[in-house]
Amino acid sequence: MSVAFRIRCCLCAKNIPLAGDVVALDGEWQRRYPDMRGTLACERCVIDRGWNCCTTVGGGFVDGHVAASEDEVDVDSWSHQLARGTHRALVVGYPRSGLLQGAEPYLRWLAGRRHTLPEVAARLNVAIAAFDVQHSPARATQPATA
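Residues numbered from 1 in each chain as written. Predicted model: local features only at pLDDT ≥ 70, side-chain atom pairs only at ≥ 80, totals over all residues. Heavy atoms only, no water.

1. Regarding the overall build of the protein chain
At step 1: Each helix and strand in the protein chain was counted, giving seven helices and three strands.
At step 2: Secondary structure elements of the protein chain, listed N to C terminal, follow the sequence β-α-β-α-β-α-α-α-α-α.
At step 3: Classification of the 146 residues of the protein chain by burial places 37% in the buried group.
At step 4: Looking at the protein chain alone, contacts between residues at least 24 apart form 56% of all its contacts between residues at least 6 apart. (Helix = DSSP H or I, 4+ residues; strand = E, 2+ residues; numbered from the N terminus. Buried < 20%, exposed > 50% of the residue type's maximum accessible area, 1.4 Å probe, protein only. Contact = heavy atoms within 4.5 Å.)

Below, the structure is given as structure tokens:
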């Protein structure tokens, strides 16, 4: 039996409705919205917070612009969506964000499930190990170094 989970939108921090798609966003969204937690968003935020232009009046990109993937024409916020799909598909496709945004129990369950494809389990275990190192209690109690 699968583990239930809810994903919180990386932009508004509300639970993404189960009936709606999840949208994976790229680095340009992170540049424009540095307070994002993860990269998985609800459709409402993608529509409401989108932008119409990636270029300046002179035709070049704005300073610091993160280019869209090679196969995308880089014109607006829609060019900076990596994927759209179900909650389960997107947290498996983007496990680092899934771990940050509420799918940790599901991803741990899936990584340890004997019927999970070995390459999927391996990729999930790498993301889980990195997450555990970043969020370990020992790390939180260590003094900051200069």
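Alright, that's what it looks like, and here's the rest.
2. Some remarks on the packing of aromatic side chains
At step 1: The final tally for this structure, using the stated rule, is three aromatic pairs.
At step 2: With centroids separated by 5.9 Å and ring planes inclined at 35 degrees, the aromatic side chains of Y106 and W109 adopt a geometry described as tilted. In this pair, Y106 and W109 both sit in helix 5 (residues 104-112), three residues apart, roughly one turn of the helix.
At step 3: Members of the aromatic cluster, connected to one another through ring pairs, are F5, Y106 and W109.
At step 4: The ring of Y33 has R49 sitting right over it, with the charged end atom 5.9 Å from the ring centre. (Phe/Tyr/Trp six-rings, centres within 6.5 Å; stacked < 30°, edge-to-face > 60°. Lys NZ or Arg CZ within 6 Å of the ring centre and 35° of its normal.)

3. A few points about the pairing of strand 1 (residues 22-25)
At step 1: With burial as the criterion, each face of strand 1 is covered, one bearing V22 and A24 and the other bearing V23 and L25.
At step 2: In terms of strand pairing, strand 1 meets strand 2 (residues 40-42) through three bridges, oriented antiparallel. Each bridged residue has a counterpart across the sheet, and for V23 the counterpart in strand 2 is A41.
At step 3: Sheet topology note: the strand 1/strand 3 (residues 81-85) ladder contains four bridges and is antiparallel. Its bridge partner being in strand 3, V23 is matched across the sheet by R84. (Pairing = 2+ DSSP bridges.)

4. Brief notes about the side chain of E28
At step 1: Examined against the element boundaries, E28 turns out to sit in helix 1 (residues 27-32).
At step 2: The class for E28 is buried, based on a relative accessible area of 0%.
At step 3: Within the structure, the side chain of E28 is placed 2.7 Å from the side chain of R31, a separation counted as a polar contact.
At step 4: Not counting the four nearest positions on each side in its chain, E28 is found in contact with W51, G64, H65, V66 and H80. (Polar contact = N/O pair within 3.5 Å; in protein donor to acceptor, adjacent residues only side chain to side chain.)

5. Let's talk about the sheet that holds strand 3
At step 1: The three strands are arranged 2-1-3 in an open sheet whose pairing can be described as antiparallel. The sheet is open, and its two edges are formed by strand 2 and strand 3, each paired on a single side. On average, adjacent strands in this sheet sit at an angle of 30 degrees to one another, irrespective of strand direction. (Axes fitted to C-alpha atoms, helices over the stretch in contact; angles between N-to-C directions.)

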